[in-house]
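Below, each chain spelled out in residue letters.
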Amino acid sequence: MNPTRRTRLKHALIECAIPQYEIAQEVGMSETRLSRIASGRLPPTTEERARLAAFLELPETALFEGHAAKNTRRRAQRVPSPDQTKPANNNR
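The following refers to the structure shown. Every value quoted in this text rests on a predicted model; they were computed, and no experiment measured them.

Section: the nonpolar core
In terms of nonpolar packing, the biggest core is built from 16 residues, with Leu9, Leu13, Met29, Leu34, Leu52 and Leu63 touching the most fellow members. The set of elements that each furnish at least two residues to this core consists of α1 (3-15), α2 (20-27), α3 (31-39), α4 (46-56) and α5 (60-64). Not counting the four nearest positions on each side in its chain, Leu34 is found in contact with Leu13, Gln20, Ile23, Ala24, Met29 and Leu52.

What follows is the structure, encoded as structure tokens:
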């Protein structure tokens, strides 16, 4: 994550003058997770971005501009169809 983006969220958290553990509780995440998001070590999900922006009464773009949110849905692993798999060639 770009330091500028990290600074925006971290700065907003500091400016609101509410302890980070209270903010985390209000937006429904652990203090550790909020800290990791604010420091840029963990990307926020779409829902987390929305909850943080609503709590801080700021537009998401002011906190996360240009930062793609982590998709909360896991993609199924692609399993090759039988005709795509090739038998191992043991002839050497």
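Looking at the environment of Arg51
Summarising the element assignment, Arg51 is placed in helix α4. Once the C-alpha coordinates of Arg51 and Glu26 are considered, the two residues, 25 residues apart in sequence, prove to be 8.9 Å apart. In this structure Arg51 touches Val27, Gly28 and Met29, once residues within four positions along its chain are discounted. Polar side-chain contacts of Arg51 include one of 2.5 Å to the backbone oxygen of Val27.

Digging into α4
Where α4 is concerned, the buried positions are Glu48, Arg49, Leu52, Ala53 and Leu56. Looking down the long axis of α4, one finds its buried residues gathered within 125° of arc, a one-sided arrangement. Phi turns positive, to about 55°, at Glu57, one or two residues after α4.

Quick notes on the pattern of salt bridges
In total, this model carries 2 salt bridges according to the counting rule given. The residue Arg33 makes a salt bridge to Glu48 at a minimum N-O spacing of 2.4 Å. Taken together, the residues Arg33 in helix α3 and Glu48 in helix α4 connect sequence positions 15 residues apart. Owing to a relative accessible area of 6%, Glu48 belongs among the buried residues under this scheme. A salt bridge links Arg49 to Glu60; its shortest N-O distance comes to 3.1 Å. Taken together, the residues span a long stretch of sequence, with Arg49 in helix α4 and Glu60 in helix α5 at a distance of 11 residues. Its relative accessible area of 28% is what places Glu60 among the partly exposed residues.

What counts as what
- Residues numbered from 1 in each chain as written.
- Predicted model: local features only at pLDDT ≥ 70, side-chain atom pairs only at ≥ 80, totals over all residues.
- Heavy atoms only, no water.
- Core = buried A, V, L, I, M, F, W, Y, C linked by side-chain atoms within 4.5 Å.
- Buried < 20%, exposed > 50% of the residue type's maximum accessible area, 1.4 Å probe, protein only.
- Helix = DSSP H or I, 4+ residues; strand = E, 2+ residues; numbered from the N terminus.
- Contact = heavy atoms within 4.5 Å.
- Polar contact = N/O pair within 3.5 Å; in protein donor to acceptor, adjacent residues only side chain to side chain.
- Arc of directions from axis to C-beta.
- Salt bridge = Lys/Arg side-chain N within 4 Å of Asp/Glu carboxyl O.

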